[in-house]
Structures are given as C-alpha cells and as structure tokens.
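Per-entry structural report
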Amino acid sequence: MSELRKDPVIGRWVIIASERAKRPTDFFVETPKQPSPGFCPFCPGNEDKTPKELLAYQYPAESCPDSRWWLRVVPNKFPALVKAGDLEKSRDGIFEKLSGIGDHEVIIETPDHQSSMADFDLAQIEEVIKAYKERILDLKKDERFQYIMIFKNHGKQAGASLDHPHSQLIVLPIIPKRVNEEIEGGLRYHRIHNRCVYCDMIQQEKTSGLRIVHENKSFVCLNPYASRFPFEMWILPKNHQSHFEKISQETIAGFAEILRHSLKRIKIVLSNPSYNYMLHTGPCGDAGDFPHYHWHLEITPKLTQVAGFEWGTGFYINPMPPEKAAEYLRNGVDTQQELDPAMLPFSV
C-alpha cells in the first residue's frame, strides 16, 4: 500500500507509491553518445573565450610555461544576477521587487572535457570543494548578499548547456524560500527538543540502517525518509555545522570521498543518468553556527518528471521507496569498477 510521508524539517508531504515500485533498470534513460567536443569555451587553450578568471589553481610558471590549470572559476558570461549596482527595493501596490543585484560564477572543475565528477580522483574533487569554500568566503564579505547557492547540473535532462564538467554559484540578495523553510523548520524543532533535527535524523538513520547508502568518519549519505524523487540522496556532516564554508581541510577529504562514492553509485546502478546537486548552507552575515541548522548536499537523479499533480498540490509522488533505493545503491555494485547494467543482479 502507498504511504504519505512527512518531511521532518519543513513539513512537506510526499507519496511513496509502493504499488508503482520499480527496479533501477526501469528508470534507465538512454544516454546519448558523447560527440567530439568541437569548440568548448571551458577547454584549455580557450581561456580568452571566457570572462577574466576570478580564481585559478595552476602549476607554477617555472615548471609549466603555458601555466596549465587544473581548476578555474570565471564569471558566467550570461549571468542571472549582476554584481555592480545598488540594491534597491520598490513596491507597486501589493507587488514588490528588488534590483537584480548578486553574482553568478562558473566553477570549471577540470581541464578534461570528457570526464565526469564520478570519475575524478579524490585530489581533484578536494580541489573543487576548496574552490567552493574559497569563493563563498570571498563573496560573503559583501553586505548586500544574503545567500550563496552552489549547484551542479550534470547532463542535458538536468539543464546542463555544456558537457564540460562544471558547477555554478549564484549569489542572492535574499534567502531562498526553500532554505528559509529549512531554517525555520529546524528552529521550531530546536525550540521543542533543544536539539538539531538533522543531527537527530542522522542518529535515527544510523540506528535503523535502512536508508544509509554510505558513510565514513565525517559524513553520511542517505536516502531521505520523505524522498521526493527516486534515488534522491543527501550527504550530511556527522558533526553539527551550519555553514559549509567552515569546513576543515580534514573534513574536505571526507566530503570528497563520500561525494565521489555517491556519484559513482548513481552512475553505475542507474546507467549514468543526468542529475542535479545543490549545496544547502547557512546564510551570509552570520558569525557563529546556528544550533538549529545543518548544511548538507542534496543529489537528485533525473529519472521521473514533475507533472500536473505535483505542480498543483506541492506533493511529490515517488515510485521508489527510499529503503529499497538505499538497498540497491548499497549492494547493487562494486563502485571500484564499471559494470554492464545487464550484469546487475536486479536487471531484467
């Protein structure tokens, strides 16, 4: 029988449609073969085709005369928001608006056009995480900015316009509604229980083990109890921390390991689907940690479509119970090697 499940943080309900339950192979979407890259503005040699870089990790000039880089951060050539100007508010009766002040950057994660983050070595993923941290610390100095959202669109169905591995950063003059709901939900829980709801979630999930995909010393990856989408995963630090940019070097290594492990599982078990990931962290301008909020990364493979019921009600229908999703992701494959999906034990 199907179930309605309530998200313990923001109170959103989802329908876990067990009667529609599927196997991972039922979600497979044919991945088009990668064409030769042709012209790509993110590839080495085309640095002059992007705006001037804001950050670059590269070899010393004396050891590499062409200053070859392994990561670059550049302004988005077609930004959603712009940095220059004053932040102005205005009203028109019941309507209100803000000037489009913010920022929009692209993190070019590797020089290798044909690779994907699931196949990066750990050192390269650590460099990407360090770049995220460095850019947040720099941008949050601007008092006009209230929130910095880092996200990745992998694959056409996830909204990627270029195949070259990259992620993006958008700075906002307001706190997004979704993040604000998490902060307020965490505050309500903390007022009642004097504990962080995310910390309690981690403890309960570790005790039951039903929805845990992978964990290491510093992080846990799980399929959330009220998953909106099939194989949705959250990565959370085990120790309470509200702001991602306070991550230590030791913790960066643990985050890199569990992120690669999680993306590798998605790639193999689900035959390399498109996916999005979104980094939810505390807002700018806060010197201390929030005791009621816990930063985390949400990964959502693009395996189903949001349709009329979801848009009309705000409910989501998920045909893959998260317990079953976690079981497939935990036990389905050896993530150290690429496997033919037809060889998986749950294939048709």
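Residues numbered from 1 in each chain as written. Predicted model: local features only at pLDDT ≥ 70, side-chain atom pairs only at ≥ 80, totals over all residues. Heavy atoms only, no water.

As for the sheet that holds strand 4 (residues 69–75)
An order of 3-4-7-9-8-13-14-12-11-10 is seen for the ten strands of this open sheet, with the pairing classed as antiparallel. Pairing within the sheet leaves two strands with one partner each, and these edge strands are strand 3 (55–58) and strand 10 (212–215). Between one strand axis and the next, the sheet turns by 15 degrees as a mean value, whatever way the strands run. Of the strands in this sheet, strand 10, strand 11 (219–222), strand 12 (233–237) and strand 14 (296–301) touch helix 3 (residues 197–208), which is tilted by about 110 degrees from strand 12. Of the strands in this sheet, strand 10 and strand 12 are in contact with helix 6 (residues 322–331), which crosses strand 10 at around 40 degrees. (Pairing = 2+ DSSP bridges. Helix = DSSP H or I, 4+ residues; strand = E, 2+ residues; numbered from the N terminus. Axes fitted to C-alpha atoms, helices over the stretch in contact; angles between N-to-C directions. Contact = heavy atoms within 4.5 Å.)

Focus on the layout of surface pockets
In this structure, the second largest pocket spans a volume of roughly 340 Å³. Taken together, 19 residues form the lining of the second largest pocket, with Phe42, Asn76, Lys77, Phe78 and Leu162 sitting closest to its centre. Mapped onto the lining of the second largest pocket, the elements with two or more residues apiece are strand 4 and strand 9 (166–172). (1 Å grid on protein atoms, 1.4 Å probe; cavity = no way out; pocket = protein on both sides within 12 Å on 5 of 7 lines; lining within 4 Å. Points joined across faces, edges and corners; volume = space filled by probe spheres on them.)

Thoughts on the packing of aromatic side chains
Each aromatic ring pair is characterised by the separation of its centres together with the angle its planes make. In total, this model carries ten aromatic pairs according to the counting rule given. When the centroid spacing of 6.5 Å and the interplanar angle of 25 degrees are considered together, the rings of tyrosine 275 and tyrosine 277 count as stacked. In this pair, the class of tyrosine 275 matches that of tyrosine 277, namely buried. What links up through ring pairs into an aromatic cluster is the set Phe219, Phe244, Phe255 and Trp295. Above the face of the tryptophan 69 ring, arginine 72 is positioned so that its terminal group lies 5.8 Å from the ring centre. The lysine or arginine in question, lysine 130, covers the ring of tyrosine 57, its NZ or CZ lying 5.9 Å from the ring centre. (Phe/Tyr/Trp six-rings, centres within 6.5 Å; stacked < 30°, edge-to-face > 60°. Buried < 20%, exposed > 50% of the residue type's maximum accessible area, 1.4 Å probe, protein only. Lys NZ or Arg CZ within 6 Å of the ring centre and 35° of its normal.)

Observations concerning a nonpolar patch on the surface
A grouping of Leu87, Leu98 and Ile174 is seen on the molecular surface, where their side chains present a nonpolar patch of about 210 Å² in accessible area. Following the sequence through the fold, leucine 87 ends up in the loop between strand 4 and strand 5 (89–92). (Patch = residues over 30% accessible without salt bridge, like charges linked within 9 Å, V, L, I, M, F, W, Y side chains within 5 Å. Areas by Shrake-Rupley, 256 points an atom, 1.4 Å probe, with all protein chains shown as cover. Salt bridge = Lys/Arg side-chain N within 4 Å of Asp/Glu carboxyl O.)

Examining the confidence of the model for the protein chain
Of all residues in the protein chain, 87% attain a pLDDT of 70 or more, and the chain-wide mean is 88. Note that pLDDT drops below 50 for residues 334–348; the model gives that stretch 33 contacts with residues more than four away or on any other chain. (pLDDT = per-residue confidence, 0-100.)

Comments concerning unusual backbone geometry
Even without glycine at this site, phenylalanine 231 takes up a positive phi of about 65 degrees. Mapped onto the fold, phenylalanine 231 is located in the loop between strand 11 and strand 12.

Some details on the packing of helix 1 (residues 122–139) against helix 4 (residues 249–269)
Where helix 1 contacts helix 4, the axes come no closer than 9 Å and their chain directions differ by 120 degrees. Helix 4 is crossed by helix 1, and the crossing has right-handed handedness. Here helix 1 contributes Leu122, Ile125, Glu126, Ile129 and Lys130 to the contact with helix 4, which in turn contributes Gln249, Ile252, Ala253, Phe255, Ala256, Glu257, Leu259 and Arg260. For the contact of helix 1 with helix 4, the residue count by class is eight nonpolar, one polar and four charged. (Left-handed = near helix turned anticlockwise from the far one by under 90°. Nonpolar A, V, L, I, M, F, W, Y, C, P; charged D, E, K, R; others polar.)

Thoughts on the pairing of strand 10
Note: strand 10 against strand 11, three bridges, orientation antiparallel. Along strand 11, the bridge assignment pairs glutamate 215 with valine 220. Taking the residues between adjacent antiparallel strands as the criterion, strand 10 and strand 11 are bridged by three residues.

Describing the packing of helix 4 against helix 6
At their nearest, the axes of helix 4 and helix 6 sit 9 Å apart, and the two run at 95 degrees to each other. If you check the angle between helix 4 and helix 6, you find them roughly perpendicular. Side by side, helix 4 and helix 6 meet where Arg265, Ile266 and Val269 of the first sit next to Tyr328, Leu329, Arg330 and Asn331 of the second. Considering only residue class, the contact of helix 4 with helix 6 consists of four nonpolar, one polar and two charged. (Parallel < 35°, antiparallel > 145°, perpendicular 65-115°, else oblique.)

Points about the sheet that holds strand 15 (residues 316–318)
With mixed pairing, three strands are arranged side by side in an open sheet as 1-2-15. The open sheet is flanked by strand 1 (3–6) and strand 15, the only strands paired with a single partner. Within the sheet, the average angular offset between the axes of one strand and its neighbour, ignoring direction, is 30 degrees. With four bridges connecting them, strand 1 and strand 2 (residues 13–16) associate as antiparallel partners. Residue pairing for strand 2: lysine 6 is matched across the bridge by tryptophan 13.

A look at the pattern of salt bridges
Counted by the stated rule, this structure contains 29 salt bridges. Measuring nitrogen to oxygen at the nearest pair gives 2.8 Å for the salt bridge that ties arginine 5 to glutamate 323. You can see arginine 5 sitting in strand 1 and its partner glutamate 323 sitting in helix 6, a full 318 residues away along the chain. Accessibility assignment for this pair places arginine 5 and glutamate 323 in one class, buried. A salt bridge links lysine 264 to aspartate 119; the nearest nitrogen and oxygen atoms lie 2.9 Å apart. With a gap of 145 residues between them, lysine 264 in helix 4 and aspartate 119 in the loop between strand 7 (103–108) and helix 1 connect regions that are remote in the sequence.

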